[in-house]
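# Architecture and fold: a report
Chain by chain, the residues run as shown.
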Amino acid sequence: MEHNKDSYYSGDGVYKNIIDNMFDGVMIIGFDGKIRLDNKNAARILELDTDTLCNRSVASLMMENSKNDEFFQCIIDSVYTKERVSKTVAYHVSSGVKYLRLAMTFLRDSNEDAAVVAVISDVTELFELNKQNRILTEKLMDFVDDFVEVMIDAIEARSPYNANHTKNMVKYMMKYLDWLEENGDNSHSETRYPLIASVWLHDIGKLVIPLEIMDKPTRLGDKEDDVYHRIEVAKLCEEIRGLRTPEYSKEADEKIDRLEEIRELIESINGLGYINDKQKEEVKKLFDEKVLSPSGDYIDLLDEYEKESLSLDRGTLTEGERAIIQSHVEHTHSMLTKMQFSGAFETVPDWAGMHHEYLDGSGYPNHVTAEAIPWEVRILTIVDVYDALTAEDRPYKHPMPAEKAFNILRSMVDEGKLDGEVLESFYESKAWS
């Protein structure tokens, strides 16, 4: 059924009834720029007399309300370009500023545009609420920054190694995120700050890890002096026994020489990050060594902890010590959860607490697999491993060249532990250089 265009502007009929009962303000505008129909809510929202709207041109209203050029210009642009508009604009009234949502669409008759419909919604409360949310978010970010600074200073005071590690990771991550945005990838812009916060805080659980374990520079650690003292005491006991018992003098000298060889072997093994099979066999021979004590009895040269420590294939931590170190991620998650992060930052405890999880489920502490590991954790893990491999301030190992580190990371991809696509993107970015 066809309608005369003037029927849209009639003061009576179905169209008038519909718009009069709408909560939002409505104006129907002809393509000559004149308002042909409006409802009382339009005048109420715009704080204009309803009699001043109908049959007035939008341009004349704009001239009379010079502070609201943007609002009326949106309507004029839609009328003359015949383009839909959806925009929130500031609208000045005597009491201050409102924020109005303006939606422009068209009435059609026989497949031909007949008029422009302007729907006006007062969204001031929502806008102000959003503004308050932004302020709260900024305050939260300031709080996070302050908290992070305090915590990192605390960690640095305990151990310079972990502080450098964290700062390096933040630097790499920020450069990488900048590179993504510079190359048109804005898909992670909304999680940028929560991710950076997660990097800053990912090792906060190490605050509760005993320093003698976290910074253990050698295999024997604080037991080193005990072993060397035991050897020196044994040498002195052998020397005294040789002097007291001349017939034992030659055997005593041989045992002293052997103890000196043992000390040299232990000293050479103690600081190594890796030992080969031959070195491991030499260490195992020490397991049965007995040394003379001041009581005159022969005692074990090494206790069980010392045996385990010296025979480690790599690193300086025993299985028990490694378990304690690994528990830092659980402490991290627990500590951050108690802070009750909210909004965009509510994922920080989970992301920070998952940085040792691998895609194949072989990570820790919860052995989660790929489907439960978000992109943010995948890149955090890669950056964490990279810096651990290349760090120059670790007391128990030499720094690894970047290319060799990436070869190890790629082998972890082949093993199903890391995300290859994310790794190659990080490599391409050169954020690590």
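These notes cover the structure that comes with them. Chains are numbered independently. Their residues run from 1 in the order of the written sequence. Given that the model is predicted, a residue must reach a pLDDT of at least 70 before its local features are reported, and side-chain atom pairs must reach 80 or more before they are shown or counted; all residues, however, enter totals for whole chains, interfaces and linings. Excluded from the side-chain calculation are hydrogens and water; included are all heavy atoms of the structure.

## What to know about the side chain of Ser-311
Mapped onto the fold, Ser-311 is located in the loop between helix H12 (304-310) and helix H13 (319-326). Among the polar contacts made by the side chain of Ser-311, one reaches the main-chain carbonyl oxygen of Lys-307 at a distance of 2.7 Å. Apart from residues no more than four positions distant in its own chain, Ser-311 is found in contact with Arg-219, Ile-275, Lys-280, Val-283 and Phe-287. Strands are runs of DSSP state E lasting at least two residues, helices are runs of H or I lasting at least four, and both sets are numbered from the N terminus onward. A 3.5 Å cut-off defines polar contacts: any pair of N or O atoms within that distance qualifies, except that in protein one atom must be a possible hydrogen donor and the other a possible acceptor, and neighbouring residues in sequence count only when both atoms are side-chain atoms. Residues count as neighbours in contact if any of their non-hydrogen atoms are within 4.5 Å of one another.

## Observations concerning the packing of helix H17 (residues 402-414) against helix H18 (residues 420-429)
Where H17 meets H18, the closest approach of the two axes is 10 Å, and the angle between their N-to-C directions is 165°. When the axes of H17 and H18 are compared, the pair comes out roughly antiparallel. At the point where H17 passes H18, the crossing takes the left-handed sense. Residues Glu-403, Phe-406, Leu-409, Arg-410 and Val-413 of H17 pack against Gly-420, Leu-423, Glu-424, Phe-426 and Tyr-427 of H18. When its residues are assigned to classes, the contact of H17 with H18 shows six nonpolar, one polar and three charged. Every angle, taken between N-to-C directions, lies between 0 and 180 degrees, and every axis is a line fitted to C-alpha atoms, over only the stretch in contact when it is a helix. Each angle is binned into one of four classes, with values under 35 degrees roughly parallel, values over 145 roughly antiparallel, values of 65 to 115 roughly perpendicular, and all other values oblique. Helix crossings fall into two classes, left-handed where the near helix is turned counterclockwise from the far one by less than a right angle and right-handed where it is turned clockwise. Each residue gets one of three labels, nonpolar for Ala, Val, Leu, Ile, Met, Phe, Trp, Tyr, Cys and Pro, charged for Asp, Glu, Lys and Arg, and polar for the others, Gly among them.

## Notes on a negative patch on the surface
Nonpolar side chains (Val, Leu, Ile, Met, Phe, Trp, Tyr) are joined into patches within 5 Å and like charges within 9 Å, using only residues with over 30% relative accessible area and no salt bridge. Every accessible area reported is derived by Shrake-Rupley at a probe size of 1.4 Å, with residue values counting cover from the shown protein chains alone. Salt bridges are defined by distance alone: a side-chain nitrogen of Lys or Arg within 4 Å of a carboxyl oxygen of Asp or Glu. Note that His is not counted, nor are the chain ends; the positive residues are Lys and Arg, and the negative ones are Asp and Glu. The atoms used to mark charge sites are NZ of Lys, CZ of Arg, CG of Asp and CD of Glu. On the surface, a cluster of negative charge is contributed by Glu-138, Asp-142, Asp-145, Asp-146, Glu-149 and Asp-153. Within the element layout of this structure, Glu-138 appears in helix H5 (residues 124-158). Throughout this description, buried means an accessible area under 20% of the type-specific maximum (1.4 Å probe, protein chains only), exposed means over 50%, and partly exposed covers the range between. The class of Glu-138 is partly exposed, set by a relative accessible area of 47%.

## Points about the pattern of salt bridges
Side chains that differ in charge, positive against negative, can pair when their charged atoms come close. Summed over the entire model, instances satisfying the criterion amount to 24 salt bridges. Of the charged contacts in the structure, one is a salt bridge between Arg-258 and Glu-261, with a shortest N-O distance of 3.8 Å. Taken as a pair, Arg-258 and Glu-261 lie in helix H10 (residues 249-270) at a separation of three residues, close to a single helical turn. Judged by relative accessible area, which is 47%, Glu-261 ranks as partly exposed. Within this structure, Glu-232, Lys-235, Glu-260, Arg-263 and Glu-267 form a network of salt bridges that share partners.

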